[in-house]
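Commentary on secondary and tertiary structure
Listed below are the residues making up each chain.
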Amino acid sequence: MPKQIYSESEISKILQTAAKLQEQEAASGYAPGVTLEELQRIAAECGISEEALRMALVQPEQKSEESFLNLVETQERVFDGELDFDRLDEIVDALGPNVKLQFSQQLGRSMRARVTSGTVFGDMELSSRNGRTKLRFRQTPFVAYFAGLHGPLILSFVVGANMIARGLVWPGLIALIGLLTIGGFVFRMLAEGGKKKARKLMDVVATAIQNCINADVRQNLKGAVEPVEEVSDIANQLQ
């Protein structure tokens with residue numbers, strides 16, 4: 001029986017799906033992301049040379065994936081270290097007063113929040129377990145639709161139907177198509193602007209998360225050194 005061979009694109013999709021399923025099950029021992037050493041081992045097992053992997057690593061980083069006519073964008077970031085959810089206020093402060101976060105669900109070491117800021121509208125997910133923290137944000141064109149397309153869409157049908165009913169068929173069709181074209185252009189422009197702003201916003205969130213993790217690491221290191229200093233003081237007193 002011939003061996004089953006998978007293409008590179010199939011491998012990527014299969015591994016991503018398996019990782020998402022395992023993350024949803026909150027399997028013990030699972031940590032999102034891979035280290036450089038793990039990536040090198042995977043590449044070697046797939047027959048990819050170290051030089052090719054090195055060249056791929058220095059390419060511009062692609063942190064997002066798009067879907068639905070490139071209007072819905074998902075960003076993912078993975079951090080080395082666990083985020084203390086007691087520090088969420090620091091992340092909110094880093095975003096500033098113009099960004100609204102509505103935390104909707106928290107389950108163990110995972111939580112979700114709705115993020116709104118101008119044309120930015122989406123759902124943010126944070127999970128922190130097994131020494132890693134994962135940030136995921138899904139930007140949707142909800143605001144862009146209502147601000148740019150909804151009005152012209154309704155108006156086009158009203159105006160077009162009214163003109164056609166009065167016997168002005170061609171002018172009615174032209175008005176309908178024209179309003180839809182204008183609305184579609186504005187919608188697309190606002191949607192693209194929302195994606196760009198969402199990327200910058202996630203950069204701010206990522207920096208705030210990394211700062212919180214680093215602060216906890218420094219605090220833990222300081223706590224680990226203090227007992228040694230106390231023992232040293234006791235030894236000096238005994239002498």
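See the structure printed just above.
Criteria and thresholds
- Residues numbered from 1 in each chain as written.
- Predicted model: local features only at pLDDT ≥ 70, side-chain atom pairs only at ≥ 80, totals over all residues.
- Heavy atoms only, no water.
- Helix = DSSP H or I, 4+ residues; strand = E, 2+ residues; numbered from the N terminus.
- Phe/Tyr/Trp six-rings, centres within 6.5 Å; stacked < 30°, edge-to-face > 60°.
- Buried < 20%, exposed > 50% of the residue type's maximum accessible area, 1.4 Å probe, protein only.
- Pairing = 2+ DSSP bridges.
- Salt bridge = Lys/Arg side-chain N within 4 Å of Asp/Glu carboxyl O.

Positive phi is not limited to glycine here, since Asn-130 has a value of about 55 degrees. Inspection of the secondary structure assignment puts Asn-130 in the loop between strand S5 (120–129) and strand S6 (132–139).

Counting across every chain of the model gives three aromatic pairs. Aromatic pair Phe-121 and Phe-142: ring centres 4.7 Å apart, planes at 25 degrees, arrangement stacked. With a gap of 21 residues between them, Phe-121 in strand S5 and Phe-142 in helix H5 (residues 142–165) connect regions that are remote in the sequence. Classification of Phe-121 by relative accessible area gives buried; the value is 14%.

On to the pairing of S5, then. Within S5, eight of the ten residues are buried, leaving the element largely enclosed by the surrounding structure. Bridge analysis of strand S4 (residues 110–117) against S5 gives eight bridges, and the strand direction is antiparallel. Residue pairing for S5: Val-115 is matched across the bridge by Gly-122. Direction of pairing for S5 relative to S6: antiparallel, over a ladder of eight bridges. If you follow Asp-123 over to S6, its bridge partner there is Arg-138. Hairpin connection of S5 to S6: two residues between the antiparallel strands, including Asn-130 at a positive phi of 55 degrees.

What follows is about the environment of Arg-132. Mapped onto the fold, Arg-132 is located in strand S6. Overall, Arg-132 belongs to the buried group, its relative accessible area being 14%. Sequence-wise, Arg-132 and Val-78 are 54 residues apart; in three dimensions their C-alpha atoms are separated by 6.9 Å.

Inspection of every chain in the model, using the stated rule, returns twelve salt bridges. For Arg-109, the salt bridge goes to Glu-82, with nearest N and O atoms at 3.7 Å. Of this pair, Arg-109 sits in the loop between strand S3 (100–107) and S4 while Glu-82 sits in the loop between strand S2 (72–80) and helix H4 (88–95), and the two are 27 residues apart along the sequence. Residue class for Arg-109 comes out partly exposed when judged on its relative accessible area of 31%.

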